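# Understanding the architecture of this molecule
Letter by letter, the chains look like this.
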Amino acid sequence: MPKCEECKNFFPWEDNPRKGDCVERAVDPRQAYYKAKPVNADQDSADCSSFQKK
Ligand code: SF4
């Protein structure tokens, strides 16, 4: 099973690498932007449509 820590969008926190930010690039008709949310490094990413292998 792939996990968030194996995903290109995962950026581990320096003070706790078991957690990190999931940063995704989003595009709407007027602009591109980034959205970030906290995730666990070992979170199962099987159901995530944004998973990208590092
Ligand atoms: S939630 Fe999805 S996009 Fe975000 S780090 Fe995990 S697998 Fe990657």
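So, here's what we can say about the structure.

Reading guide: rules and limits
Residues numbered from 1 in each chain as written. Predicted model: local features only at pLDDT ≥ 70, side-chain atom pairs only at ≥ 80, totals over all residues. Helix = DSSP H or I, 4+ residues; strand = E, 2+ residues; numbered from the N terminus. Buried ≥ 20, exposed ≤ 12 C-beta atoms within 10 Å, placed from the backbone. Contact = placed C-beta atoms within 7 Å. Near = placed C-beta within 6 Å. Nonpolar A, V, L, I, M, F, W, Y, C, P; charged D, E, K, R; others polar. Pairing = 2+ DSSP bridges. Axes fitted to C-alpha atoms, helices over the stretch in contact; angles between N-to-C directions.

A few words now on the overall build of the protein. Counting its regular elements, the protein contains zero helices and three strands. When its helices and strands are written in sequence order, the protein yields β-β-β. Principal-axis analysis of the C-alpha atoms places the extent of the protein at approximately 35 × 25 × 15 Å. Per-residue burial over the protein gives 13% buried out of 54 residues. Here the analysis covers contacts within the protein between residues at least 6 apart in sequence; of these, 48% occur between residues at least 24 apart.

What follows is about the site of the ligand. If you check the shell around the ligand, you find Cys4, Cys7, Asn9, Phe10, Cys22, Glu24, Val39, Gln43, Ser45, Cys48, Ser50 and Phe51 and nothing else. For the shell around the ligand, the class distribution of residues is seven nonpolar, four polar and one charged.

The next thing to look at is the sheet that holds strand 1 (residues 10-13). Sheet architecture is open: three strands sit in the order 1-2-3, paired in antiparallel fashion. Of all the strands in the sheet, the pair left with one neighbour each is strand 1 and strand 3 (31-40). For this sheet the average axis-to-axis angle between neighbouring strands, irrespective of direction, equals 30°. Inspection of the sheet shows strand 1 paired to strand 2 (residues 16-28) by four bridges, in the antiparallel sense.

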